[in-house]
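Architecture at a glance
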Amino acid sequence: MFRRKREQWNTAAVLHAGARGLVAAMAMTGMRTATANMGLLEQSPPEAIVQARAPRGIDRLGAGSRAALTELAHWCYGTGCGVLFGLLALEPRTARMLGPAYGFAIWAVFELAVAPLLGARHVRQRRVVG
């Protein structure tokens, strides 16, 4: 699945995939903001993780600083997942639906494994509409 030799990786493709992951994370931020403002989402997954697992110093930050730090962490996660996609061998990446399938897989792994392991409250208290 991953290429074995570092020199075989296309740096531009990896950086481009990372940028696409960042854009996807930013788009998700917009959707979360909209659903929260409509009352459909009580707490976002990144907020739940920061609340459950952030180091003690984070609690002392003001609400705006904590929100900015939470979004930066989410954007770094999206960028990292995009970079991992960019590191995939070239042949599978050429499949047209692989990008959306990869995004769905990343989301599913997060929802089914990562968030419960981190104790994110949103997983346990999700409303049907959310």
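Conventions used here
- Residues numbered from 1 in each chain as written.
- Predicted model: local features only at pLDDT ≥ 70, side-chain atom pairs only at ≥ 80, totals over all residues.
- Heavy atoms only, no water.
- Core = buried A, V, L, I, M, F, W, Y, C linked by side-chain atoms within 4.5 Å.
- Buried < 20%, exposed > 50% of the residue type's maximum accessible area, 1.4 Å probe, protein only.
- Helix = DSSP H or I, 4+ residues; strand = E, 2+ residues; numbered from the N terminus.
- Axes fitted to C-alpha atoms, helices over the stretch in contact; angles between N-to-C directions.
- Parallel < 35°, antiparallel > 145°, perpendicular 65-115°, else oblique.
- Left-handed = near helix turned anticlockwise from the far one by under 90°.
- Contact = heavy atoms within 4.5 Å.
- Nonpolar A, V, L, I, M, F, W, Y, C, P; charged D, E, K, R; others polar.
- 1 Å grid on protein atoms, 1.4 Å probe; cavity = no way out; pocket = protein on both sides within 12 Å on 5 of 7 lines; lining within 4 Å.
- Points joined across faces, edges and corners; volume = space filled by probe spheres on them.
- Salt bridge = Lys/Arg side-chain N within 4 Å of Asp/Glu carboxyl O.
- Arc of directions from axis to C-beta.
- Phe/Tyr/Trp six-rings, centres within 6.5 Å; stacked < 30°, edge-to-face > 60°.

Digging into the nonpolar core
If you look at the biggest cluster of nonpolar residues, it comprises 5 residues: Ala48, Ile49, Phe110, Ala115 and Ala120. Looking at this core, the elements that each hand over two or more residues are α2 (45-53) and α6 (98-118).

Describing the packing of helix α4 (residues 63-86) against α6
Packing of α4 against α6 brings their axes to within 11 Å, and their N-to-C directions diverge by 130°. Taken together, the axis directions place α4 and α6 in an arrangement best described as oblique. α6 is crossed by α4, and the crossing has right-handed handedness. Counting all contacts with α4, which are made through Tyr77, Cys81, Leu84 and Phe85, the residues of α6 involved are Leu98, Gly99, Tyr102, Ile106 and Phe110. Among the residues making up the contact of α4 with α6, the classes are represented as 8 nonpolar, 1 polar and no charged.

A closer look at the layout of surface pockets
Any empty space left between the atoms is revealed when a probe the size of a water molecule rolls over them. A volume near 960 Å³ is recorded for the largest pocket. As for the largest pocket, its lining consists of 36 residues, and the residues nearest its centre are Ala25, Met28, His74, Tyr77 and Trp107. Among the secondary structure elements, those contributing two or more residues to the lining of the largest pocket are α1 (11-37), α2, α4 and α6. With 10 residues, the top contributor of residues to the lining of the largest pocket is α6. In terms of residue class, the lining of the largest pocket is built from 23 nonpolar, 9 polar and 4 charged. The volume enclosed by the second largest pocket comes to roughly 270 Å³.

Section: the environment of Ala120
Relative to the helices and strands, Ala120 is located in the loop between α6 and α7 (121-124). Separated by 70 residues in sequence, Ala120 and Val50 have C-alpha atoms that sit 8.5 Å apart. Setting aside chain neighbours within four positions, we find Ala120 in contact with Ala48, Ile49 and Ala115.

Some thoughts on the pattern of salt bridges
Inspection of every chain in the model, using the stated rule, returns 1 salt bridge. A salt bridge links Glu71 to Arg32, with the nearest nitrogen and oxygen atoms 2.5 Å apart. Here Arg32 lies in helix α1 and Glu71 lies in helix α4, a separation of 39 residues in the sequence. For Glu71, a relative accessible area of 17% translates into the label buried.

Things to note about α2
Restricting attention to buried positions, one finds in α2 the residues Pro45, Pro46, Ala48 and Ile49. Down the axis of α2, the buried side of the element spans an arc of 160°, and every buried residue falls inside it.

Examining the packing of aromatic side chains
In the structure shown here, the tally under the stated rule is 3 aromatic pairs. Centre to centre, the rings of Phe85 and Tyr102 are 5.0 Å apart; their planes meet at 45°, and the pair counts as tilted. With a gap of 17 residues between them, Phe85 in helix α4 and Tyr102 in helix α6 connect regions that are remote in the sequence. When the ring of Phe104 is compared with that of Trp107, the centres are 5.5 Å apart and the planes differ by 45°; the resulting orientation is tilted. With a gap of 3 residues between them, Phe104 and Trp107 both fall in helix α6, about one helical turn apart.

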